[in-house]
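Summary of structural features
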Amino acid sequence: MTSDDPLRALAIGYAPTPARAALASLFALDDKLSGILQTTREPLVGQMRLTWWYEALARLDTATPPAEPVLRDLHATVLPAGVSGARLAGLTDGWDVLLEPSLDTAAIDRFAAQRGRQLFDMAGTVLTVADDRIGLAGEGWALADLSLRLSDPAERAVARSSAVARLDRALRGRWPRDARALGAMALSARFEMSAIVRPSASKRVGRLAWHRLTGY
């Protein structure tokens, strides 16, 4: 579920053409913040790096971005779509949760809300779609991703079961046409949580195509 995930690239292609660049920029930011956690062993160093990003994102509202590609892309595509730098900066709060030495259920829920819900809600703003399922899908998407990262069996089980519950609720009913890029990402995350046999690549692509066509 990263930038090199072909299903995510496919899903972004389901968005209305004017919104695709902004949507890609939002998820590139999420990848950048994810990379901080993956490449930092010391919590203090991770906190410092996240603080830098928090401040840099907040400054997008008042200053020209520095020569950092992700910041420049956000300034060029996401801010004109109605998402402020201050709102983008809030994404760092979700990743900050993972700097804690252990994750209880409350911490996992905070991660879901502060990473996944915030990210998908901002994507909804970019897509100019309001639907309660978007934030819920974002929580499930983030928890599915988290469950694949965790090494502790108990933490992984909590993240996985929470992801499945949220994704199953979010995917009920027909999704609005302009939000189906996000619905497709939720479906992709649900594939990863399949308990028995995960669908083949061709079946996944076919299922996403059906979602794009019908909203189900």
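Residues numbered from 1 in each chain as written. Predicted model: local features only at pLDDT ≥ 70, side-chain atom pairs only at ≥ 80, totals over all residues. Heavy atoms only, no water.

For the rest of this paragraph, the subject is the overall build of the protein chain. Across its full length, the protein chain carries 11 helices and 0 strands. The N-to-C order of helical and strand elements in the protein chain reads α-α-α-α-α-α-α-α-α-α-α. By the compact-globule yardstick of 17 Å for 216 residues, the protein chain fits well, its C-alpha radius of gyration being 17 Å. For the protein chain, the spread of C-alpha atoms along the three principal axes comes to 45 × 40 × 30 Å. In the protein chain, which comprises 216 residues, the share counted as buried stands at 49%. With the model as given, the accessible surface of the protein chain reaches about 10100 Å², and the carbon-plus-sulfur share is 55%. For the protein chain, the separation between the mean place of its 27 positive charges and that of its 24 negative charges on side chains is 8 Å. (Helix = DSSP H or I, 4+ residues; strand = E, 2+ residues; numbered from the N terminus. Rg over C-alpha atoms; globule rule 2.2 N^0.38 Å. Buried < 20%, exposed > 50% of the residue type's maximum accessible area, 1.4 Å probe, protein only. Areas by Shrake-Rupley, 256 points an atom, 1.4 Å probe, with all protein chains shown as cover. Lys, Arg positive; Asp, Glu negative; His and termini not counted. Charge placed at Lys NZ, Arg CZ, Asp CG, Glu CD.)

If a probe as big as a water molecule is rolled over the atoms, it shows which places are left empty. One number sums up the size of the largest pocket: a volume of about 450 Å³. Together, 17 residues line the largest pocket, and Leu-37, Leu-98, Glu-100, Arg-149 and Leu-150 are the ones closest to its centre. The residue makeup of the lining of the largest pocket, split by class, is 7 nonpolar, 4 polar and 6 charged. (1 Å grid on protein atoms, 1.4 Å probe; cavity = no way out; pocket = protein on both sides within 12 Å on 5 of 7 lines; lining within 4 Å. Points joined across faces, edges and corners; volume = space filled by probe spheres on them. Nonpolar A, V, L, I, M, F, W, Y, C, P; charged D, E, K, R; others polar.)

On the surface, Trp-210, Leu-213 and Tyr-216 cluster together into a nonpolar patch covering about 380 Å² of accessible area. With a relative accessible area of 57%, Leu-213 lands in the exposed category. (Patch = residues over 30% accessible without salt bridge, like charges linked within 9 Å, V, L, I, M, F, W, Y side chains within 5 Å. Salt bridge = Lys/Arg side-chain N within 4 Å of Asp/Glu carboxyl O.)

Relative to the helices and strands, Leu-182 resides in helix H10 (residues 180-192). Separated by 34 residues in the primary sequence, Leu-182 and Leu-148 have C-alpha atoms spaced 20 Å apart.

Over its 17 residues, helix H3 (residues 43-59) runs 24 Å from end to end, which matches the ideal 24 Å to within 8%, given 1.5 Å per residue. Residues Gly-46, Leu-50, Trp-53, Ala-56 and Leu-57 constitute the buried set of H3. Along the axis of H3, the buried residues cluster in a sector spanning 125 degrees; they form a single face. Exposed side chains of H3 directed beyond 90 degrees from the buried face belong to Leu-44 and Met-48. (Expected span 1.5 Å × (residues − 1). Arc of directions from axis to C-beta.)

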